[in-house]
Amino acid sequence: MTDSAASDSAAAVPTVRVLLVDDHAVVRQGLRLFLGLDEHIEVVGEASNGEEALAEAGRLHPDVVVMDLMMPVMDGIAATRQLRRAYPDTEVIALTSTLEEPKVNGAIEAGAISYMLKDASSDTLADAIHAAARGEVRLHPEAAKRLVRDFRGGEMRESLTPKETIVLQLLARGHSNRDIAADQGVSEATVKTHVSRLLSKLGLDSRTQAALYALKHGVASLDGVEV
């Protein structure tokens, strides 16, 4: 690859603006340090609780918020719920040390697109951040198992069309709107319309919930996770 081609390839990867939220300064410092090794991730700010996270999200407009769940003043689940309502274009990754079912379920119900544990490698977290910025779902395998087992979706209000079923399958496999559009030979706008309609028909609020629905009902399977 020539220098110019390499430069063009690097330029094609968008920089993801990230807000780190954790009540322990040493955790935020560690996250900032190893995320700084990825030239396409920019840590634009930090917050030590949910209230600060909401204020900083409004000021900085990050693409992705990496959110601890157990914090004083306002916990990560409440903050995620409010943040997603106020800033729907900002995705949230729940990053925590627990797989307690109320926390796992609460984070996803609040609108987190991914659920990761703090023992994840730096590469795994960086991948999840880039995936979140593309609208792709990433779940810790054990969290996925618990979520699928306990998932309680709304009743289907109307049958999905064949095209919507295909979009649901691809969405459950972690594909972004861009990937689905390329796979199906349609525009991203068309994919967004399919996603919106299938969420409405299934009585769901998010792509992550749709992925869980697909796994729960056998529409799709998650590699490496028994459900």
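Residues numbered from 1 in each chain as written. Predicted model: local features only at pLDDT ≥ 70, side-chain atom pairs only at ≥ 80, totals over all residues. Heavy atoms only, no water.

**Digging into the environment of arginine 28**
Thinking step 1. Along the chain, arginine 28 falls in helix α2 (residues 25-35).
Thinking step 2. Between the C-alpha atoms of arginine 28 and valine 66, which are 38 residues apart in sequence, the distance is 9.9 Å.
Thinking step 3. Each residue touching arginine 28, except ones within four places of it in the same chain, is listed here: Leu20, Asp22, Asp23, Glu46, Ala47 and Ser48. (Helix = DSSP H or I, 4+ residues; strand = E, 2+ residues; numbered from the N terminus. Contact = heavy atoms within 4.5 Å.)

**Observations concerning the sheet that holds strand β3 (residues 64-67)**
Thinking step 1. If you walk across this open sheet you meet the six strands as β2-β1-β3-β4-β5-β6, and the pairing is parallel. Each edge of the open sheet is held by one strand with a lone partner, namely β2 (41-47) and β6 (138-139).
Thinking step 2. In terms of strand pairing, β3 meets strand β4 (residues 91-96) through four bridges, oriented parallel. Among the inter-strand pairings, valine 64 is bridged to a residue of β4, identified as glutamate 91.
Thinking step 3. Along the sheet, helix α4 (residues 76-86) makes contact with β3 and β4, crossing β3 at roughly 165°.
Thinking step 4. Against the sheet, helix α6 (residues 122-133) touches β1 (16-21), β2, β3, β4, β5 (114-117) and β6, its axis set at about 155° to β4. (Pairing = 2+ DSSP bridges. Axes fitted to C-alpha atoms, helices over the stretch in contact; angles between N-to-C directions.)

**Description of the pattern of salt bridges**
Thinking step 1. Counted under the stated rule, the structure contains 11 salt bridges.
Thinking step 2. Residue glutamate 46 pairs with arginine 32 through a salt bridge whose shortest N-O separation is 2.8 Å. Of this pair, glutamate 46 sits in strand β2 while arginine 32 sits in helix α2, placing them 14 residues apart in sequence.
Thinking step 3. When the shortest N-O distance is used, the salt bridge between glutamate 164 and lysine 201 registers 2.8 Å. Remark: lysine 201 occurs in helix α10 (residues 188-202) and glutamate 164 occurs in helix α8 (residues 162-172); sequence separation between them is 37 residues. Here the two residues glutamate 164 and lysine 201 agree in accessibility, since each one is buried. (Salt bridge = Lys/Arg side-chain N within 4 Å of Asp/Glu carboxyl O. Buried < 20%, exposed > 50% of the residue type's maximum accessible area, 1.4 Å probe, protein only.)

**Quick notes on the packing of α2 against α6**
Thinking step 1. Closest axis-to-axis distance for the α2/α6 pair is 10 Å, and the angle between their directions is 80°. If you check the angle between α2 and α6, you find them roughly perpendicular. Residues Leu31, Phe34 and Leu35 of α2 pack against Ser122, Leu125, Ala126 and Ile129 of α6.
Thinking step 2. Partitioning the contact of α2 with α6 into residue classes produces six nonpolar, one polar and no charged. (Parallel < 35°, antiparallel > 145°, perpendicular 65-115°, else oblique. Nonpolar A, V, L, I, M, F, W, Y, C, P; charged D, E, K, R; others polar.)

**With respect to unusual backbone geometry**
Thinking step 1. Phi is positive for histidine 61, close to 50°, though the residue is something other than glycine.
Thinking step 2. The phi dihedral of valine 73 is positive, around 70°, even though this residue is not glycine.
Thinking step 3. Locating valine 73 in the fold gives a position in the loop between β3 and α4.
Thinking step 4. Assessed through its relative accessible area of 61%, valine 73 is described here as exposed.

**Observations concerning the environment of aspartate 89**
Thinking step 1. Relative to the helices and strands, aspartate 89 resides in the loop between α4 and β4.
Thinking step 2. When its relative accessible area of 73% is taken as the criterion, aspartate 89 is described as exposed.
Thinking step 3. In this structure the C-alpha to C-alpha distance between aspartate 89 and aspartate 63, which are 26 residues apart in sequence, comes to 7.2 Å.

**Re the pairing of β3**
Thinking step 1. Burial along β3 is two-sided: Val64 and Val66 and Val65 and Met67, pointing in opposite directions, are all buried.
Thinking step 2. The sheet contact formed by β1 and β3 spans four bridges and is parallel. When the sheet's bridge partners are listed, leucine 19 is paired in β3 with valine 65.
Thinking step 3. You can see the chain leave β3, run along α4 and come back into β4, and the turn it takes is right-handed. (Right-handed = clockwise from strand over helix to strand, strands pointing away.)

**Let's talk about helix α7 (residues 141-150)**
Thinking step 1. For α7, the full list of buried residues reads Ala143, Ala144, Leu147 and Val148. Summarising the axial view, the buried residues of α7 lie within an arc of 130°, below the 170-degree limit, and thus occupy one face. (Arc of directions from axis to C-beta.)

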